[in-house]
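Chain and residue survey
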Amino acid sequence: MRRAVCPGSFDPVTNGHLDIVQRASTLFDEVVVAVGVNQSKNRLFNAEERIAMLEQACAPFPNVRVDGFKGLLTSFCQEHGIHAIVKGLRAVSDFDYELQMAQMNSSLTDVETVFVPTSPEYSFLASSLVKEVATFGGDVSGLIPDFVNTALLARLAERAAQSGGA
Ligand code: ADP
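Presented here is an overview of the structure given in this document. Every value quoted in this text rests on a predicted model; they were computed, and no experiment measured them.

About the criteria used
Residue positions are given per chain, counted from 1 along the sequence in the order it is written. Predicted model: local features are reported for residues with pLDDT of at least 70 only, side-chain atom pairs are reported and counted for 80 or more only, and whole-chain, interface and lining totals are derived from all residues. Side-chain measures were taken over the full set of non-hydrogen atoms in the model, leaving aside hydrogen atoms and water. Aromatic contacts are taken between Phe, Tyr and Trp rings whose centres are within 6.5 Å, Trp giving its six-membered ring; a plane angle under 30 degrees counts as stacked, one over 60 as edge-to-face, and the others as tilted. Think of it in three bands: residues with accessible area under 20% of the maximum for their type are buried, residues over 50% are exposed, and the middle band is partly exposed, with areas taken using a 1.4 Å probe on protein chains only. Secondary structure elements are defined from DSSP: runs of H or I of at least 4 residues count as helices, runs of E of at least 2 residues count as strands, and each element is numbered from the N terminus. Between the first and last residue of a helix there are one fewer steps than residues, each counted as 1.5 Å, and that sum is the expected span. Throughout, the bend at a residue refers to the angle made by two axes, fitted to the seven residues ending there and to the seven starting there. The contact rule is simple, with two residues in contact once any of their heavy atoms fall within 4.5 Å.

Details of the packing of aromatic side chains
Scanning the entire structure with this criterion turns up 1 aromatic pair. Centre to centre, the rings of phenylalanine 69 and phenylalanine 76 are 5.8 Å apart; their planes meet at 55 degrees, and the pair counts as tilted. Taking relative accessible area as the criterion, phenylalanine 76 reaches 4% and is therefore assigned buried.

In structure tokens:
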């Protein structure tokens, strides 16, 4: 069984993430999308919400499942019999950090990192940018699944109401 993990914070999941997950699902027997659930105050969606959105978005891919992970990714890999980490590479700016992480991870355990080049239409796409653009009223509907867009607009409206009322 060739099993791979696609790790990330997915706050929220974008079409760029889903492109990498879908392509990984054609290369491996099973793909685990691992959602980082370490506590962070800067998340727009909590861990349960991010996992639920990924489960819905990955439902069309039969060999993909979603899980949460805490702590070291390499420990998660060891616990789940995973020997490959799949990461999308968007631009040269991703490369330095991703290379360092890949080398560190392979020094910790026998896990390989597989880099998948982003599809050109998603090379500018990041969750942080989607949130920033949507916060200021930009239309991000082509960049994330429709149900994620609905949840994003609702959450931003809640946040705006909270800060307006504060
Ligand atoms: P982001 O970088 O969007 O805030 P994450 O930290 O959740 O999101 O990203 C997890 C991983 O998903 C990244 O390390 C990268 O490998 C991949 N990824 C994210 N966005 C894209 C994209 N547009 N194209 C290809 N891969 C991507």
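Observations regarding helix 4 (residues 92–108)
Here helix 4 spans 25 Å end to end across 17 residues, near enough to the 24 Å set by a 1.5 Å rise per residue. Taken as a whole, helix 4 carries its principal kink of about 25 degrees at glutamate 98. Burial in helix 4 covers these residues: Asp94, Glu98, Ala102 and Asn105. Where the residues of helix 4 are buried, they touch helix 3 (73–79), strand 4 (84–89) and strand 5 (112–117).

Examining the environment of phenylalanine 61
Here phenylalanine 61 is to be found in the loop between helix 2 (47–58) and strand 3 (64–69). Sequence-wise, phenylalanine 61 and serine 163 are 102 residues apart; in three dimensions their C-alpha atoms are separated by 39 Å. The residues touching phenylalanine 61, leaving out its near neighbours within four places in the chain, are Leu18, Val21 and Gln22.

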